[in-house]
Each structure stands twice: as C-alpha cells, then as structure tokens.
Amino acid sequence: IYRSKHMESGQPHKRRKTSDANETEDHLESLICKVGEKSACSLESNLEGLAGVLEADLPNYKSKILRLLCTVARLLPEKLTIYTTLVGLLNARNYNFGGEFVEAMIRQLKESLKANNYNEAVYLVRFLSDLVNCHVIAAPSMVAMFENFVSVTQEEDVPQVRRDWYVYAFLSSLPWVGKELYEKKDAEMDRIFANTESYLKRRQKTHVPMLQVWTADKPHPQEEYLDCLWAQIQKLKKDRWQERHILRPYLAFDSILCEALQHNLPPFTPPPHTEDSVYPMPRVIFRMFDYTDDPEGPVMPGSHSVERFVIEENLHCIIKSHWKERKTCAAQLVSYPGKNKIPLNYHIVEVIFAELFQLPAPPHIDVMYTTLLIELCKLQPGSLPQVLAQATEMLYMRLDTMNTTCVDRFINWFSHHLSNFQFRWSWEDWSDCLSQDPESPKPKFVREVLEKCMRLSYHQRILDIVPPTFSALCPANPTCIYKYGDESSNSLPGHSVALCLAVAFKSKATNDEIFSILKDVPNPNQDDDDDEGFSFNPLKIEVFVQTLLHLAAKSFSHSFSALAKFHEVFKTLAESDEGKLHVLRVMFEVWRNHPQMIAVLVDKMIRTQIVDCAAVANWIFSSELSRDFTRLFVWEILHSTIRKMNKHVLKIQKELEEAKEKLARQHKRRSDDDDRSSDRKDGVLEEQIERLQEKVESAQSEQKNLFLVIFQRFIMILTEHLVRCETDGTSVLTPWYKNCIERLQQIFLQHHQIIQQYMVTLENLLFTAELDPHILAVFQQFCALQA
Amino acid sequence: MILMVFSGSVTAAKLDRKRPSACCPTSTISKDLKILCKDPVSELSCCRDHQFSGSKFQQEKLLKESSTMSMRNLSFYTTEEKIHELFSRSGIKTIFMGLDKIKKTACGFCFVEYHNRTDAENAMWFLNGTCLDEWIICTDWDIGFREGQQYGRGKSGGQVRDEFREDFHSGRGGFGRQSQI
C-alpha cells in the first residue's frame with residue numbers, strides 16, 4: 001500500500017494529469033493522516049514505509065507535503081510524536097527538506113500568533129521542541145527560543161495574560177523535551193527556570209475565584225493552571241526528567257536519527273503586543289477523581305505528576321480534533337494508547353466534565369458533551385456507565401459549594417442524559433435532600449432537574465419515576481391559570497369585559513374591534529377616564545392579556561399566532577415602560593406553572609418589539625419575581641435577552657460596515673471611470689450610511705443601558721441583603737446570597753467581550769470604591785481576567 | 001449502589017428505516033484536513049422531495065445551505081413543546097408541526113427552522129441519533145419550509161410512509177392505513 005502512486009502513472013494527458021495530481025495529493029493527505037491508527041503492521045514499519053513514499057514524492061509534491069505536515073502539527077497534536085518521528089526520518093534522508101520544514105513551521109507559528117491563534121501556537125511550539133528529540137533541531141537553538149519566550153515576563157505595560165502564554169508555551173513543552181534540553185544546556189535551563197519561578201511568584205491571581213468550579217478546596221483544590229503546571233514540572237525535574245507515559249516512536253529509530261544533521265532554529269523574537277492582540281483566558285484545572293476512586297484498576301496518576309498533565313492534554317486534543325463527529329471522537333478516546341496502565345474511563349469522564357464546567361464557557365457547545373457521553377456509554381457499556389454514575393453521585397454530593405453557573409450546566413446535562421435512558425435513576429440515594437431547606441443547593445438541583453425532565457416527557461411521567469417522598473420536589477403541572485375563568489371571578493373588576501373579549505376572539509375579531517371593547521375599561525389609576533384612551537391602564541392590559549393567552553393556551557404555535565394577530569393591540573397597550581412591565585407581569589401570572597412557555601413568550605415579545613430588553617430586565621428584578629428569583633428559567637430568560645440585544649447590535653454594525661464597503665468600492669470605481677451619475681448614487685448611499693450610523697449608536701446605547709440596569713439592580717438587592725445581615729448580626733452567606741452573587745459573576749463571564757467595552761462607565765458609575773467589598777470583589781476579579 | 005444505569009435503553013427505541021443524514025460539517029479553520037471533515041453520515045440521504053420544482057443540482061445546493069430540517073418519525077404524541085425544549089439547545093427559530101390533512105392532528109412529522117446554518121448543524125451533529133420520547137431522532141435537511149408542507153401527503157391524510165406500513169406502531173396510530181380493515 002505504500003508504493004507511490006506517482007511512480008505508477010505513465011505520461012498522462014494534460015487534463016488527466018491535474019486530476020491525477022489531485023488524486024495523489026488526496027492520497028498523500030490520507031496516508032499522512034492515517035499513520036498511527038490501528039494497522040496490521042507495527043507503527044515503526046508504517047512510519048518507515050511512509051517516509052519512503054514521501055521522500056520519493058518530494059520532487060513533485062514538496063510544497064504540498066510541507067503544507068500537510070505543518071497542518072497535522074497544528075491540528076492533530078494528540079499524534080505529535082508520530083509526526084515528529086516522521087519528520088525526523090525525512091530529515092535524515094533529505095537534510096534540505098528538514099531545513100525547509102523548520103522554516104515553514106516558524107512561519108506558521110508567527111502567523112498563528114498574529115492571528116491570535118494562541119491555542120494552536122502552543123502545539124506548534126511543542127512540535128518544534130519534540131523535533132529536538134528527533135535530531136531535526138539542535139537543542140541549544142531551542143533553549144535560545146525558550147529564553148526569548150520567558151524574557152517576555154520582563155515586558156512592562158502588557159497584559160499579564162500575554163506573559164502567561166509565553167511561560168505556558170515553555171513549560172508545557174518540557175514533558176516532551178525537558179530531559180534533552182537539560183542534558184545539553186543545564187546552566188541556561190536553570191536560568192530560565194529561575195526567571196520563570198520569580199515571575200510565577202509575582203503574578204497576580206485575583207481572577208482565580210471567578211473561574212473555580214467549587215468554592216471549597218476539599219477534596220481537590222482547583223489550582224490555577226500555571227500553578228499546577230509549575231508544580232508538575234518541578235516534580236518532573238526532581239525525578240530527573242524521567243517520563244514514561246509519552247509514546248516516543250523515534251526511540252526505535254535512534255541509530256538512523258542520530259546520524260542526521262540538525263538545524264538551528266532562527267532567532268525567534270516574540271511578536272510585540274498590539275491593541276488587537278487577544279490572549280487566551282486563564283483557566284483553573286478541574287479535578288474530581290484521584291487514585292482512591294478506582295481501587296480495583298490501575299492507579300490514577302497524582303495531580304502533580306506530569307503523566308496527569310500529558311494524559312489530560314492528549315484527551316483534550318482528541319476532543320478538539322473530533323468534536324463534530326461523536327462516533328469518531330468516542331472511538332479515539334477509548335483507544336488512547338497506553339490505556340491499560342491508567343484508569344482511562346475516569347480520565348475521560350473527568351476531562352469531559354472539565355470542559356463542560358469550564359468558566360467562562362465550555363470550548364464547545366454544551367449539547368456536544370451530552371451526546372459524546374451517550375456515545376461513550378454505548379461504546380463501553382460494561383464499564384463507562386458505572387464511572388459516569390459514580391461521577392454524577394460525586395457532583396451531587398458537592399453541590400453545596402459548586403458554582404451556580406456550573407450547577408446550571410449539570411442540571412441541563414443530567415436531565416438531557418436521563419431522557420436518553422428512560423429517566424432511570426436511583427433517586428432514593430438522594431433522599432438526604434428532602435430534609436434540607438428547599439432553597440439549599442441539593443433539593444434545588446433535584447427540583448430543577450425534574451422540571452427539565454418534564455419538559456422532555458410529561459407531568460405524570462415525572463411523578464411516576466420518583467419515589468412518593470419526592471413529590472414535594474416535583475414540578476407543577478404546566479397548566480394555564482385564567483383568573484376570569486370560574487364563578488368566583490364574577491366580582492373581579494373587568495370580568496365582564498373579559499367575557500366580551502373571549503367571545504370576540506372566538507369570532508375572529510379584528511384589532512379595531514378589540515380596541516373598541518377595551519375602550520370601556522376603567523383605569524383604576526385615574527379618577528377621570530382619560531379621553532384619549534390609551535395611557536397606561538393596567539386593567540386593560542390585564543383583561544386583554546389574560547383572556548387572549550388563555551384562549552391561545554393550547555400550544556406554542558397558538559400563542560405565537562395570537563401575539564401576531566393582535567400585535568397592534570399589544571403594541572398600543574405596552575407603549576409606555578409601565579405598560580411593558582405590566583404585560584410581562586400578567587403573562588407571568590397566567591403561565592407561572594409553565595416556565596418554558598414564559599420563556600418562549602418573552603422571546604417572541606422581544607422579537608416582535610412588544611416589550612424591550614430593559615423591560616425584561618426590570619421585570620426579572622421586580623418584587624413579583626422575587627419568589628422565583630433563584631430559579632433557572634429566570635436566568636435563562638435574562639441571558640437569552642442579553643444575547644438578543646448583542647446580536648441586534650452586531651447585525652446593524654455589520655449592515656453599516658457593508659454599506660461603507662459598498663461606498664468605498666463605488667469611490668474606487670468612480671476614480672477609475674469618471675462617471676457623473678455616480679455622484680447621485682453616492683448621495684443615496686451616504687444617506688443610508690448616516691442612517692445606519694444613527695441606528696448603530698442608538699442600538700449601542702440601548703445595549704449599554706441594559707447592562708447598566710442589570711448591574712444597578714444587582715447592586716441594589718445585594719447591598720440590601722448585606723446591610724440587613726450586618727444589622728441583624730446574621731451570616732451573609734445564605735443560599736440566596738450565594739446564588740445571587742454568582743449570578744452577578746455569570747453576567748460578567750457570559751458576556752465578557754461586550755462588557756469589556758463599557759468598563760470605564762462601570763468603574764466610574766457603579767463599581768466605585770464606596771461599594772461593599774463583597775460586590776466590588778466580583779468586579780475586580782473580572783477586571784483581572786484579561787489584565 | 002447504582003447498577004444498570006445509563007445502559008442499553010437506546011435499542012428499545014424505534015429506529016426508522018431511512019438513515020439520518022447530515023451534510024459534511026464545514027470547518028471554521030482554514031487549511032483543514034479532510035480527515036477532520038469526515039462524517040459517517042456526510043452524504044445527503046437519498047430522500048428527495050419529489051415535488052421540488054428545480055434540478056437535482058439546485059436542490060442539493062439548497063440543502064447544503066439550508067438551516068431547516070425535517071423529522072419524519074416522531075411519535076404522534078410528541079408535542080411542539082418537547083421538540084422545542086430539545087432543539088433549543090442549539091438555538092431554534094420556529095417549529096412547524098406536521099398535521100394530518102383531514103383531521104388536522106399531529107401525524108408524526110415536523111420541520112425545525114434555525115436562525116442560521118451553524119445552529120442547524122449543531123442540531124444535526126448532536127441531537128440527531130439521540131432520543132426524543134424514547135424514539136431515535138432522525139433529521140434530514142430540508143430546502144426550507146413552504147406553506148402547505150405541514151400537511152401529510154398520504155391519501156388518508158397522514159404521511160405517505162404510514163399508508164403502506166405493515167407493522168404496528170402504537171405511537172403512530174397502530175397499523176398502516178392500507179393494512180387497516
């Protein structure tokens with residue numbers, strides 16, 4: 001199979017030559033990508049064969065081969081040592097090619113850094129460092145590069161995250177190449193180490209609490225990622241760089257490789273910091289398992305062992321490569337090389353949850369992890385489900401100190417997962433939560449899970465799947481509550497109008513007809529009736545919204561139709577801010593048993609501009625919602641609202657950009673053509689740009705206002721609580737407070753890119769030094785994230 | 001201790017004869033490798049809308065850009081709310097429930113529309129093949145919902161597939177129409 005296709009083709013016709021070339025290129029790509037996978041032959045013989053094929057194809061396909069090898073270095077980091085060995089073999093056969101490859105890699109590294117692709121750049125640096133082991137790159141030149149990296153820690157007036165990255169790129173390559181570099185250049189390496197250590201001691205870590213999944217240090221502290229890596233490298237150094245986990249195919253080729261001539265890396269100057277540079281966010285290392293959790297199987301490497309680092313890196317890389325295809329991803333994860341020596345299922349589950357719970361956000365969409373875990377359960381039905389169940393149990397037990405955002409994700413994951421397994425779970429194991437304060441994390445979690453499970457099944461099903469003792473935690477039957485529905489409502493104000501409206505709706509009345517019925521509704525807020533008829537009248541809103549939503553209660557589609565059909569009435573009634581708030585209030589009264597319906601109605605009302613985002617924010621912080629303030633659906637609504645606002649601003653900004661580009665193109669054409677009519681075209685376009693500019697400014701102002709409202713409200717309720725606790729002498733840390741302060745954190749984290757734009761205003765207006773330190777701390781942690 | 005959890009129940013769900021399909025995931029990184037683009041269900045299914053008035057090429061182009069998908073093997077009891085809950089995990093826009101042309105009741109299919117292709121792709125990649133109401137979800141790309149599409153095209157008012165079905169599905173009205181006496 002490794003005979004070169006090129007050698008087989010004869011003298012082809014020109015057209016066939018192109019398709020032959022494409023075919024060969026595809027073939028080469030396939031050969032390179034597949035090496036290392038399960039095969040009848042050994043890895044060594046496959047590598048040797050492939051090296052032979054590539055060497056033979058170099059005359060005609062050199063640039064393609066260079067590009068392919070650079071790409072796999074960047075995109076398949078879990079197979080790092082396989083490809084460095086391949087490059088080593090090629091270099092041994094063709095010194096010039098080795099040199100060109102190194103140059104191409106350096107070019108690619110520079111491009112990645114310029115494009116803010118820091119995560120991929122780490123893999124490139126690691127690849128280069130492993131090339132030292134393959135005798136492609138001379139050790140002293142690699143040490144010199146690392147010297148330059150670590151010297152970035154001396155730079156002033158740059159974000160800490162920039163310095164962090166260069167230190168990380170250095171430290172994270174050492175498991176692969178530490179031994180070799182120390183053997184060749186120990187004095188220089190000691191100096192670099194000393195510089196690294198002093199940097200790590202002086203860097204600030206204000207951001208860490210905001211990124212931790214649990215607020216407790218037991219049973220596993222969640223360390224800041226650089227601290228953890230430093231401890232791991234220190235330990236590796238103490239062990240004299242003995243590292244036995246990494247697969248090193250080049251060892252088998254030592255006799256060939258050590259004959260090869262090495263190349264020197266050109267001196268590498270880290271590209272300077274610019275305004276456009278965006279560095280990776282700091283992280284916290286998620287740990288939930290240790291060697292005590294799998295007493296039967298192989299021992300889990302300790303948290304400060306370099307093996308742990310390498311295993312986790314590789315598993316994260318596999319997910320990064322294959323996240324879109326869950327079957328491949330699962331297969332690659334479970335066939336991790338060296339799996340017999342480690343409790344692989346535990347590592348896999350830990351790495352997946354690490355990503356799912358990562359703050360600010362998981363690397364990939366949440367639902368991917370659900371599907372991946374289901375796939376893994378299918379693939380290893382005898383072993384993985386038990387580990388997953390054990391993990392679920394552990395997560396439940398530690399709910400008291402789990403970050404609220406992470407609890408949200410746990411709820412969504414668990415309920416979706418259960419819906420794929422007929423909701424089977426040993427709920428009795430969790431009966432301890434029944435005797436706790438219903439606002440504390442464990443019963444709250446169970447309640448939210450059951451509510452989500454109901455959304456994926458139906459009410460009676462939920463009552464059936466839990467023991468009778470759990471009935472207090474079961475969700476309400478999601479029915480509509482119509483206040484004018486029964487006999488006792490005869491005495492309610494507006495009752496007769498409600499009946500009238502009901503008849504009108506059923507006989508397909510028009511907006512005008514509804515308006516005329518509503519005209520007669522008295523305004524409880526005024527002594528005289530307002531002749532104009534449409535200032536804020538809560539009773540009008542009440543009868544209209546209650547009756548319409550009740551009649552349209554059958555399904556989402558029915559409700560959406562109703563909103564669309566009577567849009568005019570809604571818009572008029574909700575014209576004022578108070579009107580908008582009242583519409584939301586009444587809608588909530590009707591549907592308080594059906595949070596899912598509330599969410600879709602709010603969404604629809606924003607999209608059809610019946611209410612605006614600020615109204616929703618004010619409604620969420622209103623007293624009517626205080627009882628439900630800690631419920632998940634409320635925050636899902638708020639974040640969805642913020643996202644809609646953000647998308648809206650982006651959309652108009654894009655329109656403006658496109659219009660500006662169009663004008664620029666027209667100008668260019670005019671200077672080329674000298675056409676008179678383009679003056680007119682310009683005018684129209686310029687007018688459009690002016691309008692769009694105004695639209696953008698107005699949208700941005702609305703967006704800023706939304707965040708200000710939200711932050712202001714948070715500060716108000718948190719301050720109230722803190723003051724009250726101080727006066728009463730009670731502890732601040734109630735379940736409500738923990739929830740609320742973490743919800744504030746969540747606003748910052750989930751929308752950090754937008755909020756960065758408004759930092760100055762926030763600092764000057766809201767998060768001033770006079771603020772209670774508890775609240776100010778959140779703001780300071782946020783500032784520290786990209787400082 | 002917890003035993004027998006998270007195992008085997010996927011096989012209990014009903015599998016449809018037509019395989020689920022998705023388009024090849026489009027990469028956001030440049031110079032991608034074909035191996036990373038590979039998807040076991042990357043080909044469009046052979047299922048084509050016979051009422052499409054355009055060339056096969058045009059249809060395939062629309063399908064590759066579409067952000068709408070159809071699902072044809074739902075239980076008759078699967079509500080719009082359930083579909084919404086599940087599919088909103090990747091950003092849903094609208095659901096069009098399929099109705100029996102005569103009875104105007106649910107007859108086991110729907111269309112799910114997303115705001116953009118990416119959200120739809122996420123649904124294809126991560127929701128397709130998992131469970132909804134203990135049935136395996138099978139989605140197909142659709143060129144976009146047109147008015148009238150929400151009605152079944154079988155002679156009896158439901159879906160064509162239920163006309164000729166011979167086996168018994170309690171979630172899909174029992175035996176197929178032609179098999180019912």
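Residues numbered from 1 in each chain as written. Chains lettered and ligands numbered in written order. Predicted model: local features only at pLDDT ≥ 70, side-chain atom pairs only at ≥ 80, totals over all residues. Heavy atoms only, no water.

Taking an unreviewed UniProt entry as the reference, chain A is identified by name as Nuclear cap-binding protein subunit 1 belonging to Rhinopithecus bieti. As stated in UniProt under Sequence similarities (unreviewed entry), the record for chain A gives "Belongs to the NCBP1 family." (UniProt positions renumbered as here; feature names shortened; annotations may be inferred.)

(A) Up close: the overall build of chain A. From N to C terminus, chain A includes 34 helices and zero strands. Taken across its 787 residues, chain A has 56% of its residues classed as buried. On chain A, roughly 34600 Å² of surface is accessible, and the fraction owed to carbon and sulfur atoms is 50%. A gap of 6 Å separates the mean positions of the 90 positive and 106 negative side-chain charges of chain A. (Helix = DSSP H or I, 4+ residues; strand = E, 2+ residues; numbered from the N terminus. Buried < 20%, exposed > 50% of the residue type's maximum accessible area, 1.4 Å probe, protein only. Areas by Shrake-Rupley, 256 points an atom, 1.4 Å probe, with all protein chains shown as cover. Lys, Arg positive; Asp, Glu negative; His and termini not counted. Charge placed at Lys NZ, Arg CZ, Asp CG, Glu CD.)

(B) Structural detail: the packing of aromatic side chains. Residue and element names in this part refer to chain A. For the structure on display, the rule yields 59 aromatic pairs over all chains. Consider the rings of phenylalanine 101 and phenylalanine 127, whose centres lie 6.0 Å apart with planes at 55 degrees: the pair is tilted. With phenylalanine 101 in helix 5 (residues 95-114) and phenylalanine 127 in helix 6 (residues 118-133), the pair connects residues that are 26 residues apart, well separated along the chain. The class for phenylalanine 101 is buried, based on a relative accessible area of 0%. Positioned above the aromatic ring of tyrosine 168 is the side chain of arginine 283, whose terminal nitrogen or guanidinium carbon lies 5.5 Å from the ring centre. The residue whose ring lies beneath lysine 604 is phenylalanine 560, and the NZ or CZ to ring-centre distance is 4.6 Å. (Phe/Tyr/Trp six-rings, centres within 6.5 Å; stacked < 30°, edge-to-face > 60°. Lys NZ or Arg CZ within 6 Å of the ring centre and 35° of its normal.)

(C) Structural context of the UniProt feature "domain: MIF4G" (unreviewed entry) in chain A. In the numbering adopted here, UniProt assigns the feature "domain: MIF4G" (unreviewed entry) to residues 25-237 of chain A. Helix makes up 77% of residues 25-237 of chain A and strand 0%, with an end-to-end C-alpha separation of 43 Å.

(D) Broad picture of the pattern of salt bridges. Within this structure, the stated rule accounts for 48 salt bridges over all chains. Between arginine 93 of chain A and glutamate 55 of chain A there is a salt bridge; the shortest N-O distance is 3.1 Å. Linking arginine 93 of chain A in helix 4 (residues 80-93) with glutamate 55 of chain A in helix 3 (residues 43-75), this pair joins segments that are 38 residues apart in sequence. A relative accessible area of 36% means that arginine 93 of chain A is categorised as partly exposed. A salt bridge links glutamate 60 of chain B to lysine 56 of chain B; its shortest N-O distance comes to 4.0 Å. Here glutamate 60 of chain B and its partner lysine 56 of chain B are both found in helix 2 (residues 56-65), four residues apart, which amounts to about one turn of the helix. Looking at lysine 56 of chain B, the relative accessible area reads 60%, which means it is exposed. A cluster of three or more residues bridged by salt bridges with shared partners is formed by Glu451, Arg455, Arg592, Asp628 and Arg631 of chain A together with Glu85 and Arg89 of chain B. (Salt bridge = Lys/Arg side-chain N within 4 Å of Asp/Glu carboxyl O.)

(E) Just the nonpolar core, in detail. Phe353, Trp427, Phe544 and Trp619 of chain A together with Phe87 of chain B are the most contacted members of the largest nonpolar core, which has 205 residues in total. Take this core: its biggest share by element is 15 residues, from helix 30 (residues 678-728) of chain A. Ignoring sequence-local partners within four residues, the contact set of tryptophan 619 of chain A consists of Leu581, Leu584, Arg585, Met587, Phe588, Ile598, Val602, Leu625 and Ile637 of chain A. Listed in part, the 94 residues of the second largest apolar core include Val87, Phe127, Val161 and Phe193 of chain A. (Core = buried A, V, L, I, M, F, W, Y, C linked by side-chain atoms within 4.5 Å. Contact = heavy atoms within 4.5 Å.)

(F) Examining the domain arrangement of chain A more closely. All names here are of chain A. On domain assignment, one finds that chain A holds domain 1 (24-258), domain 2 (308-473) and domain 3 (640-784). Domain 1 and domain 2 are separated by 33 Å when their C-alpha centres are compared. With 25 residues of domain 1 at the contact, the number on the domain 2 side is 23 residues. For the pair domain 1 and domain 2, the two sides together bury roughly 2000 Å², of which 61% comes from carbon and sulfur. By the criterion of area lost to domain 2, the three top residues of domain 1 are Glu78, Trp214 and His245, representing 32% of everything that side buries. Put simply, domain 1 and domain 2 have one salt bridge between them. Between domain 1 and domain 2 we count seven residue pairs in polar contact (both at pLDDT 80 or more) in total. Mapped onto the side of domain 1 that touches domain 2, the elements with two or more residues apiece are helix 6, helix 9 (174-202), helix 10 (208-211) and helix 11 (225-238). (Domains from an automatic or database assignment. Buried area = accessible area lost by both parts, 1.4 Å probe. Polar contact = N/O pair within 3.5 Å; in protein donor to acceptor, adjacent residues only side chain to side chain.)

(G) Seen up close, the sheet that holds strand 3 (residues 106-114) of chain B. Residue and element names in this part refer to chain B. One open sheet holds the four strands; their spatial order is 2-3-1-6, and the pairing between them is antiparallel. Pairing within the sheet leaves two strands with one partner each, and these edge strands are strand 2 (92-99) and strand 6 (139-142). For this sheet, the mean angle separating the axes of adjacent strands, direction not counted, is 25 degrees. By the bridge criterion, six bridges tie strand 2 to strand 3 in an arrangement that is antiparallel. When the sheet's bridge partners are listed, methionine 97 is paired in strand 3 with cysteine 110. (Pairing = 2+ DSSP bridges. Axes fitted to C-alpha atoms, helices over the stretch in contact; angles between N-to-C directions.)

(H) Spatial organisation of the pairing of strand 3 of chain B. Residues and elements named next belong to chain B. Burial analysis of strand 3 places eight of its nine residues in the buried class, the great majority of the element. Sheet topology places strand 1 (residues 68-71) next to strand 3; four bridges connect them, and they run antiparallel. Bridge pairing links methionine 71 to cysteine 110 in strand 3. Where strand 2 hands over to strand 3, the hairpin turn is made up of six residues, of which lysine 104 adopts a positive phi near 55 degrees.

(I) Structural view of the packing of helix 26 (residues 577-591) of chain A against helix 27 (residues 595-607) of chain A. Residues and elements named next belong to chain A. In the contact formed by helix 26 and helix 27, the axes pass within 9 Å of each other and the chain directions differ by 155 degrees. The angle between helix 26 and helix 27 places the two elements in the roughly antiparallel class. Pair helix 26 / helix 27 crosses with right-handed handedness. Along the contact surface, helix 26 presents Val583, Leu584, Met587, Phe588 and Trp591, while helix 27 presents Pro595, Met597, Ile598, Leu601, Val602 and Met605. Grouping the amino acids of the contact of helix 26 with helix 27 by side-chain chemistry returns eleven nonpolar, no polar and no charged. (Parallel < 35°, antiparallel > 145°, perpendicular 65-115°, else oblique. Left-handed = near helix turned anticlockwise from the far one by under 90°. Nonpolar A, V, L, I, M, F, W, Y, C, P; charged D, E, K, R; others polar.)

(J) Expanded view of the interface of chain A and chain B. Between chain A and chain B, the residue contacts involve 59 residues of the former and 42 residues of the latter. For the pair chain A and chain B, the summed buried surface comes to about 4600 Å²; carbon and sulfur atoms form 57% of the total. The three residues of chain A that bury the most area against chain B are Lys324, Glu325 and Leu456 of chain A, which together make up 14% of that side's buried surface. Where chain A meets chain B, there are two salt bridges.

(K) Structural detail: the environment of glutamine 204 of chain A. All names here are of chain A. Tracing the backbone through its elements, the reader meets glutamine 204 in the loop between helix 9 and helix 10. Residue class for glutamine 204 comes out partly exposed when judged on its relative accessible area of 27%. Considering only alpha carbons, one finds glutamine 204 and aspartate 130, 74 residues apart in sequence, at a separation of 31 Å. The residues touching glutamine 204, leaving out its near neighbours within four places in the chain, are Gln160, Ala784 and Ala787. Here the side chain of glutamine 204 touches threonine 206 through a polar contact of 2.8 Å, landing on its backbone nitrogen.

(L) Region of the structure containing unusual backbone geometry. Cis rather than trans, the peptide bond between lysine 218 of chain A and proline 219 of chain A has omega equal to -5 degrees. Tracing the backbone shows proline 219 of chain A in the loop between helix 10 and helix 11. Omega for the peptide link from leucine 359 of chain A to proline 360 of chain A comes to 0 degrees, which places this bond in the cis form. Relative to the assigned elements, proline 360 of chain A resides in the loop between helix 15 (344-356) and helix 16 (366-379). You will see that glutamine 422 of chain A, though not glycine, has its phi angle at about 50 degrees, which is positive. With respect to the helices and strands, glutamine 422 of chain A occurs in the loop between helix 18 (404-419) and helix 19 (441-455). If you check the backbone angles, aspartate 133 of chain B has positive phi at about 55 degrees while not being a glycine.

(M) Here's a closer look at the confidence of the model for chain B. Residues and elements named next belong to chain B. Counting all residues, the mean pLDDT for chain B is 72, and 68% of those residues have values of 70 or more. When mean pLDDT is taken per element in chain B, helix 3 (residues 80-87) scores highest with 93 and helix 1 (residues 34-37) scores lowest with 69. Below pLDDT 50 for its whole length, residues 8-30 participates in 64 contacts with residues either more than four positions away or in separate chains. Quick note on the complex model: pTM equals 0.90, ipTM equals 0.86. (pLDDT = per-residue confidence, 0-100.)

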